[in-house]
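Structural features, examined
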Amino acid sequence: MKEKLYTIELHDALQAGDECPFCWLERKLEQSAIEFVLGSSYMESDTRDATDRQGFCRKHTKMMFDYGNTLGNAWILKTRLTYVREKLKKEMQEYTPGAAPKRGLFKKKPENGNSVAEWIRGEESHCYICKRMDDTYRRMVDTFVYQVKHEPEFVDMVKASKGFCVHHFADLVEACGEGLSQKEQEQLFPVLFDQMNRELDRMQGDIDWMIEKFDYVNKDKDWKNSKDAVQRTMQKIVGGYPADPVFRDKK
Ligand SMILES: [Zn+2]
Ligand SMILES: [Zn+2]
């Protein structure tokens, strides 16, 4: 494996006591990407060329607004807007109602035949921050596979954790299916699947008890682990941290 390994980061994430180590890592990656984009990097021409071309998805646009660097956002928007304005103008100029779309040879034919809509949707399919996070996240998942192969104690560390959210579990089982030998898979998958069943059962217990707690007869009973069961169950099923405060510039 030539790429950088994220062993320390992965160990920290597994030992963080979180509902999912990959949610935990993803949050760190996301916050550092926001800090990077709205730090001083937006004045560097390479970064701005990339943000002009790739743009930002709706989720990250909102995060950038909340982060709070107004001047930084304005600089990024100024040239991204120029890019969108010029490209969209050209797309609209070239559009002829009813005509078959004139596209490059290798471009997929738009399904509804509307090249303007196709261009806009294409722009919405990429995001500078998503991409920046995703490249590292993929290597972190690869590090998991590498660790399973090369570090015997690693699986014990996984067993001692609270497992994974269902969302990230898809990436994990896929990567393990591709990167591990038949024998390694036969050893690992029962461990991962048992853990997933056990952890989802635990979550079910927490969310069930939260509802019971709203019953008057249980009002004086202990909350057990159910006080934050809503946000943890949301995380366990779809990933992410719904209860996180807004991420803001600390300066
Ligand atoms: Zn997760
Ligand atoms: Zn994004």
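Look a little higher up for the structure.
Residues numbered from 1 in each chain as written. Chains lettered and ligands numbered in written order. Predicted model: local features only at pLDDT ≥ 70, side-chain atom pairs only at ≥ 80, totals over all residues. Heavy atoms only, no water.

1. With respect to the coordination of the zinc ion (ligand 2)
Summarising the metal site, the zinc ion (ligand 2) is bound by the protein donors C57 (SG), H60 (ND1), C127 (SG) and C130 (SG), whose distances to it range over 2.0 to 2.3 Å. Here the zinc ion (ligand 2) binds four donor atoms, and the angle range of 100 to 115° at the metal identifies the geometry as tetrahedral. In primary sequence terms, the donor set of the zinc ion (ligand 2) follows C-x2-H-x66-C-x2-C. A residue pair is termed long-range when its members are at least 10 positions apart, and H60 in helix α4 (residues 58–67) and C130 in helix α7 (residues 128–150) qualify at 70 residues. (Donors = N, O, S within 2.8 Å, 3.2 Å for Na, K, Ca; no water. Tetrahedral: all angles 85-135°; square planar, octahedral: opposite > 155°, others 65-115°. Helix = DSSP H or I, 4+ residues; strand = E, 2+ residues; numbered from the N terminus.)

2. Description of the coordination of the zinc ion (ligand 1)
For the zinc ion (ligand 1), the protein coordination sphere consists of C20 (SG), C23 (SG), C165 (SG) and H168 (ND1), at 2.0 to 2.4 Å. The coordination sphere of the zinc ion (ligand 1) comprises four donor atoms, whose angles at the metal cover 100 to 114°; the geometry is tetrahedral. Site description for the zinc ion (ligand 1): donor spacing in sequence, C-x2-C-x141-C-x2-H. With a gap of 145 residues between them, C20 in the loop between α1 (7–14) and α2 (21–37) and C165 in the loop between α8 (154–159) and α9 (166–179) connect regions that are remote in the sequence. Each member of the pair, C20 as well as C165, carries the same accessibility label: buried. (Buried < 20%, exposed > 50% of the residue type's maximum accessible area, 1.4 Å probe, protein only.)

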